[in-house]
Amino acid sequence: MIDIFNLVGNIFGYILWGAFLVVKNFGLAIVIFTIIVKLILLPFSVKQQKATSANARFQKKQREIMEKYADNRAKANEEVQKLMQKEGINPTGGCTTMIAPFIVMLGVYYSVISPLSNTIHIASSKVSTAVQSFSALPAMGSSINVRYGEISILKYFDVLQKYLTDTNGNPLFNSSDIEKINEFKNGFNFLGWDLLATPNTSSFQSMMWLIPVLCFATSVGSMLLMQKMQGTKMQGCMMATILMMPLMSAWIAYTVPGAVGFYWIASTVLGFLQSVLMNIFYNASIIEARTEAHRIELRRNEEKEVAFIDVPDYVPPSQKAAEIKAAADTQVYQKKQNQKKKSKSNKSKSDYQGRKK
């Protein structure tokens, strides 16, 4: 699995290196790099947000069903299943949209912690030998974390360059590699921080301690703000459990090179801004309104395809009875009039004594 993350990190490393060549500063390159990664993952984020909004709408209707059939659990479950089919809810549907971003984000992490092999793209065999040689040095071996060995090599490259040799004593890096490493190393100063330094081994005046503090603050702040926007609130043990992750991140950021902690800060802040935008354009109310509009449009299209049948206007029974009676009265009246005319006609054909001629 680590090889998959490292492979993804190697691919994304080209983006990070390209961003660095443009701005010549690793901190700015991290920000640009993170924005590009967020844009790449945007389709997954939109799909995840839609699924979250749809699930929120489903949960609301599910509660109504459970309250309605509180005394009949079997009926309640049956209605919930019908609702899931109607709403298109798939209990495992969100897994796919979470796995891909998870792999990508860990790959991005590997591109940050392995700048020599995944960003500058120096041969991995050279880099692996260099890390082993570096960790074997008596003065350095016990003071570095092998996981972040490549960042440590960048930090001490000027001093250690002559010691980084292969088994035959030949230099591991050629002139092209050395040029890239030196160019990269000179771009790690950002906002007064040396992103190659580690907060727990840096002086207070270096302000490196701000990186783990900001890791914790941005993580907790974004979490609380998102809960406020979504109208949810965590209390008690749940809040304490959620705070454990930011605390762990802050502690790790305190013990690793600043570049890693700064990446977490940039990723958290930009992730929060993305979540805000997603919540504006794809919240539960908007998704429900769009769904209803789509349903109405489908119904209209279906009605257009149905053949038109000319149905006479509806006449209330009382009005129809009155019309029938009026027609009948008219017929009776006409009959009487005809009889009168006939009677007059017969009288006109009699003589003066009233006898018919």
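The structure this text deals with has already been given above.
The text that follows walks through the structure, step by step, so that each part is easy to find. Quantities reported herein were computed from a predicted structural model and do not represent experimental measurements.

1. Topic: helix α7 (residues 124-136)
Relative to the 18 Å expected for 13 residues at 1.5 Å per residue, α7 spans 18 Å between its end C-alpha atoms, a close match to the ideal helical length. Listed as buried for α7 are V127, A130, V131 and F134. Within α7, the buried residues cover an arc of 100 degrees as seen down the axis, which keeps them to one side. When the buried face of α7 is taken as reference, the exposed residues oriented beyond 90 degrees from it are Q132 and A136. Where the residues of α7 are buried, they touch α6 (115-119), α8 (149-155) and α9 (157-160).

2. Section: the pattern of salt bridges
Within the structure shown, the criterion is met by 3 salt bridges. For E183, the salt bridge identified is with K24, shortest N-O distance 2.5 Å. One end of the pair, E183, is in helix α10 (residues 175-185); the other, K24, is in the loop between α1 (2-23) and α2 (26-40), and 159 residues separate them in sequence. Looking at E183, the relative accessible area reads 29%, which means it is partly exposed.

3. What about unusual backbone geometry?
The backbone of H121 shows a phi angle near 65 degrees, a positive value even though the residue is not glycine. By the secondary structure assignment, H121 is in the loop between α6 and α7. By relative accessible area, which is 22% here, H121 ends up partly exposed.

Quick notes on the rules
Residues numbered from 1 in each chain as written. Predicted model: local features only at pLDDT ≥ 70, side-chain atom pairs only at ≥ 80, totals over all residues. Heavy atoms only, no water. Helix = DSSP H or I, 4+ residues; strand = E, 2+ residues; numbered from the N terminus. Expected span 1.5 Å × (residues − 1). Buried < 20%, exposed > 50% of the residue type's maximum accessible area, 1.4 Å probe, protein only. Arc of directions from axis to C-beta. Contact = heavy atoms within 4.5 Å. Salt bridge = Lys/Arg side-chain N within 4 Å of Asp/Glu carboxyl O.

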